[in-house]
Amino acid sequence: MFENWNTSLIKNLLEKLSTLQHTVDMLPDNAPQRDRCQCINQPIICIKEDLKKLLDQVECAVTFLTLQEEYSHLDTLYSLQKRRDIVFSQAISALIGGAIIQLRRNISNSQFLKQIYDIGLLVHAESLLSTYGDEMGMLEDMAVGINDLEKVSFQIIRGSESDHKPILSGTRNALLVKLPLHPDHYTAVEETVGRECVMYRKIAVKPVLFTVGVNEEQSLAELFGDTSLQEHINQENLVKLEHYYQKFRSKKPTSDINVDVPLSSLKHYMQSKKPKNVEILHASTQLSRAMHAIRLTSCKSAKDRTAMSVTLEQCQILLDKHELGQPNFGHLLDTMRSEGTRRDNARKNVGVYKYAFHRMQLKAFPKLYRPPEGTYGKTVAT
């Protein structure tokens, strides 16, 4: 196809460029600037028109070749798009649930409402997947799925007193989620951010993902495999989180909230080569929570490693915000894992009231991610 291009157009363009160069050379050195401009103005306009025609031809040729290439791989492209849509459907379900909870929790928080309209709604996703075996593919899917949430935006609308179901519209590349609020709550939002803002402005979604594998397969990846995917995801999302932080800081009084410490800590941990450095998760979570982020945590099945992370985070919140004494931290952590809802979640999934770990496996886990005795073991119901 390239051989059939209009070569006369290229030849004509080169001739005009040569003529323009000759015209410029013929001008006296002391010629006024105005005369110089008048002399070259029309030739330059003609050259721009020819360049545009040439670029249009190039664009058409490249588009044609791309379509030819895609046609030969239609089955693969369809399969990948289907897989991406399935992942996206799971990610957006978690996003909408988190957004509704966060909005209802902060319906009287004027700073939060102004923040999400000004700089977007931050979503912090935490992955405990390893970079070894099948979980490598899961992590790749999760990274794409979380990143695709950038294509989602929210709009708060006035709902009825009973029906608050979200309404979805648009395409996979630009999805709008309308969140109906109780009339009283909707009026409160209008009074906080302004009626025009609520009616016409959308709330952007700003997702970030941080991942650190904690199981024995991650130990194999660190010894014999490749951890570059984990490092790439964390580095890429550190840039995104810091960008959001800069906007957040510009909107908040310096004395209002301290988010500098967790950010500097996160950067420090990111530079460290420590294996299974879960401090990356802790610091990014602390920073994101300080900026009113939606928090999502997942592993392979979202019931075992996830349970360890969720209970650890709950205890850390009690320690930081609710005066839990440090001596009671370990006891409360074990109690949450043995008596709390996470074991019941495991039972609902596999029919056994235990986490799917075995003793040798747990030796590879960071200490804070190990459940108490009697809560783990064989999970095949008999």
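Quick note: structure is the one above.
Residues numbered from 1 in each chain as written. Predicted model: local features only at pLDDT ≥ 70, side-chain atom pairs only at ≥ 80, totals over all residues. Heavy atoms only, no water.

1. Details of the layout of surface pockets
Link 1 in the chain: Considered as a void within the structure, the largest pocket measures approximately 1100 Å³ in volume.
Link 2 in the chain: Surrounding the largest pocket, 37 residues form its lining, Thr285, Gln286, Arg289, Glu313 and Ile317 being those nearest its centre.
Link 3 in the chain: Element by element, the count of residues in the lining of the largest pocket is highest for helix 12 (residues 305–321), at nine residues.
Link 4 in the chain: By residue class, the composition of the lining of the largest pocket is 16 nonpolar, 13 polar and eight charged.
Link 5 in the chain: Approximately 490 Å³ is the volume attributed to the second largest pocket.
Link 6 in the chain: Considering the residues around the second largest pocket, the lining is formed by 19 residues, among which Gln90, Ala91, Met142, Ser298 and Cys299 are closest to the centre.
Link 7 in the chain: Residue assignment for the lining of the second largest pocket shows that the elements contributing at least two residues are helix 3 (74–105), helix 5 (134–147) and strand 6 (294–298).
Link 8 in the chain: By residue class, the composition of the lining of the second largest pocket is 12 nonpolar, five polar and two charged. (1 Å grid on protein atoms, 1.4 Å probe; cavity = no way out; pocket = protein on both sides within 12 Å on 5 of 7 lines; lining within 4 Å. Points joined across faces, edges and corners; volume = space filled by probe spheres on them. Helix = DSSP H or I, 4+ residues; strand = E, 2+ residues; numbered from the N terminus. Nonpolar A, V, L, I, M, F, W, Y, C, P; charged D, E, K, R; others polar.)

2. Side note on the pattern of salt bridges
Link 1 in the chain: Taken as a whole and judged by the stated rule, the model has 18 salt bridges.
Link 2 in the chain: When the shortest N-O distance is used, the salt bridge between arginine 305 and glutamate 135 registers 2.7 Å. In this pair, arginine 305 sits in helix 12 while glutamate 135 sits in helix 5, placing the two residues 170 residues apart along the sequence.
Link 3 in the chain: Given the relative accessible area of 8%, arginine 305 is considered buried.
Link 4 in the chain: Take glutamate 135: its relative accessible area is 4%, and that puts it in the buried class.
Link 5 in the chain: Its salt-bridge partner being lysine 267, residue glutamate 242 comes within 2.6 Å of it at the nearest N-O pair. Of this pair, glutamate 242 sits in helix 9 (residues 228–251) while lysine 267 sits in helix 10 (residues 260–271), and the two are 25 residues apart along the sequence.
Link 6 in the chain: Glutamate 242 gets classed as partly exposed once you look at its relative accessible area, which sits at 22%.
Link 7 in the chain: By relative accessible area, which is 30% here, lysine 267 ends up partly exposed. (Salt bridge = Lys/Arg side-chain N within 4 Å of Asp/Glu carboxyl O. Buried < 20%, exposed > 50% of the residue type's maximum accessible area, 1.4 Å probe, protein only.)

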